[in-house]
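Each chain, letter by letter, is given below.
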Amino acid sequence: MLVIGSGPSGRRAAVQSAKLGRSVLVVDRGRRLGGVSVHTGTIPSKTLRETVLNLSGWRERGFYGRGYRVKQDISVGDLIERLHKTLDHEVEVLQHQFMRNTVRSARAAVKFLGPNRASLTTDAGDYSEVGFAHALIAVGTRPHRPRDVPFDKTRVFDSDEMLELERLPRTLTVIGGGVIGVEYATIFSALDVPVTLVEPRNTILDFVDREIVDDFIHQMRDRGMTIRLGSAIQEIASKPDYAEVTLADGRTIRSEMVLYAAGRTGNVGALGLDVVGIEADSRGRIKVDPQTFRTSAPNIYAAGDVIGFPSLASTSMEQGRVAACHAFGEPLPPPPQTFPYGIYAVPEISTVGQSEEQVRESGGAYEVGVARFRETSRGHIMGVNTGFLKLLFSIETRRLLGAHIVGEGATELIHIGQAVINLGGTVDFFVNNTFNYPTLAEAYKIAGLDAWNRMGRG
Ligand SMILES: Cc1cc2nc3c(=O)[nH]c(=O)nc-3n(C[C@H](O)[C@H](O)[C@H](O)COP(=O)(O)OP(=O)(O)OC[C@H]3O[C@@H](n4cnc5c(N)ncnc54)[C@H](O)[C@@H]3O)c2cc1C
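Scoring rules and cut-offs
- Residues numbered from 1 in each chain as written.
- Predicted model: local features only at pLDDT ≥ 70, side-chain atom pairs only at ≥ 80, totals over all residues.
- Heavy atoms only, no water.
- UniProt positions renumbered as here; feature names shortened; annotations may be inferred.
- Helix = DSSP H or I, 4+ residues; strand = E, 2+ residues; numbered from the N terminus.
- Rg over C-alpha atoms; globule rule 2.2 N^0.38 Å.
- Buried < 20%, exposed > 50% of the residue type's maximum accessible area, 1.4 Å probe, protein only.
- Contact = heavy atoms within 4.5 Å.
- Domains from an automatic or database assignment.
- Buried area = accessible area lost by both parts, 1.4 Å probe.
- Salt bridge = Lys/Arg side-chain N within 4 Å of Asp/Glu carboxyl O.
- Polar contact = N/O pair within 3.5 Å; in protein donor to acceptor, adjacent residues only side chain to side chain.
- Nonpolar A, V, L, I, M, F, W, Y, C, P; charged D, E, K, R; others polar.
- Pairing = 2+ DSSP bridges.

In the nomenclature of an unreviewed UniProt entry, the protein is known as Soluble pyridine nucleotide transhydrogenase of Mesorhizobium tianshanense. According to the UniProt record, the Subcellular location (unreviewed entry) comment for the protein reads "Cytoplasm". As stated in UniProt under Sequence similarities (unreviewed entry), the record for the protein gives "Belongs to the class-I pyridine nucleotide-disulfide oxidoreductase family."

Take a look at the structure:
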């Protein structure tokens, strides 16, 4: 198995192939193993978030007020220190995992030469060739950088470059209301940086239940963030003292820095896909069979961000494992009904199953149960005064159809909803089971009872 790329999908496919007794080579052109996930994406942004929440005292502000701080002057140095320690540890764990499983790795750029052969070229220009029975394209994506955006790492940055900031911005404009944009916008806002979030469409996070997004937008505005929806970007200019964003509706936004986070492009350019008869779309995404992750070339698979939605580290890992199992004839059960989506903004959002809009569209009768975190004893203890859980149940089958959370701990709590949905559980599970007390998870019990009170025994 030749694995091209050492991000989550490549890593999981490599280890799975090795566990099935195959010989595996992982090739990554990056300086260190780990991919976007470890070096510029998931882990750095989540470490940054954790550091900001700790040093700013964000989680305690519900109790001690908005003026509460753990550290007064938080510098880039404070943020970077923890970042490097975490990343070093991640790489070390990955290297050890490869070593234990006898997965070999090399640093080079890979290019297909034929259906069973590829070339490896190092930065220094050293050239070699390898043969393979199966290959996995796990090359991921890079930030989309339109030509008319003046990226200069002084005023205008992409999401990779945000990790190289030399100082914190005094004011920041974030362009793009997708997951990456809202995560960075709210993380900097938690540092008391005035932030403007710009999204040309009329909504943000449009795959998430509307009620959750509305509450999230309310929370962002409530703490002073400016949100500009529904107007295209006409121009982004980098001036000596500031950056200026001009919107099509004539408004301008000045800030010290701009983060452009509107989309990503697949790293397929130099792979020689034409040699093996694989096509990519205009955003560099490869089409695969959704059950097996096989491309149009029978022995070549693709997984991770290079195949498009949902573009998560979590789903990428699973895709890599499934691809490896399929390549080596290992039987797999049918894929689970749903997977969770975690957005590590401040506050967190997490969602699994159908949104209320989707349930409504499907036409079946349903009931909603809601629990606000401030109604739980754990919420009182923690000083949590925002956030809620929303559960959607089918009236006919009583089954849980969707769970949606905005607020503290959302990305952890969501797994209860995921388990109940995928195991076919009903509203009665929440009513009849005891939950630890005091916990935020108790919100499931409260929301279950809320729906049950209207649904009755059925
Ligand atoms: C800012 C940010 C925050 C994110 N936060 C989250 C999150 O909280 N949770 C979550 O689940 N996901 C998150 N993601 C998404 C997550 O990082 C990606 O889904 C995941 O990294 C995709 O994994 P992958 O397997 O496609 O490989 P990637 O991690 O994209 O790595 C691809 C690797 O392939 C290598 N490569 C490319 N071309 C070649 C070539 N020709 N030859 C050799 N090597 C090559 C690259 O050097 C790279 O190391 C985030 C992403 C970003 C950018």
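Now, onward.
Enquirer: I'd like to hear about the overall build of the protein, residue by residue, with values.
Expert: Scanning the protein from terminus to terminus reveals 13 helices and 23 strands. For a compact globule of 458 residues, the expected C-alpha radius of gyration is about 23 Å, and the protein comes in at 23 Å, within 12% of that figure. Projecting the C-alpha coordinates of the protein onto the three principal axes gives extents of approximately 65 × 60 × 40 Å. A buried classification covers 53% of the 458 residues belonging to the protein. Here the contacts in the protein between residues at least 6 apart in sequence split such that 64% fall between residues at least 24 apart.

Enquirer: So, the domain arrangement of the protein: which residues are in play, and what are the values?
Expert: Segmentation of the protein into domains returns domain 1 (2–143 + 265–327), domain 2 (156–262) and domain 3 (341–455). Taken residue by residue, the interface counts 10 residues in domain 1 and 12 residues in domain 3. For the pair domain 1 and domain 3, the two sides together bury roughly 870 Å², of which 58% comes from carbon and sulfur. The largest per-residue losses of area from domain 1 upon contact with domain 3 belong to Arg49, Arg59 and Phe63, which jointly make up 49% of the total buried on that side. Across the contact surface, domain 1 and domain 3 share 2 salt bridges. Among the ionic pairs, Arg49 bridges to Glu348, the shortest N-O distance being 3.5 Å. On inspection of domain 1 and its partner domain 3, the count reaches 5 residue pairs in polar contact (both at pLDDT 80 or more). Contributions of two or more residues to the side of domain 1 that touches domain 3 are made by α3 (42–56) and α4 (61–64). Per element, the largest residue contribution to the side of domain 1 that touches domain 3 is 3 residues, and it comes from α3. Within the side of domain 1 that touches domain 3, the residues separate by chemical class into 6 nonpolar, 1 polar and 3 charged.

Enquirer: Give me the lowdown on the sheet that holds strand β12 (residues 226–229), citing residues and values where you can.
Expert: Across the sheet, 5 strands lie side by side as β9-β16-β10-β11-β12; this open sheet has parallel pairing. Here the strands that pair on one side only, and so sit at the sheet edges, are β9 (156–157) and β12. Note that strand β10 (residues 172–175) and strand β11 (residues 195–199) share 4 bridges and pair parallel. Bridging across to β11, Val174 finds its partner in Leu197.

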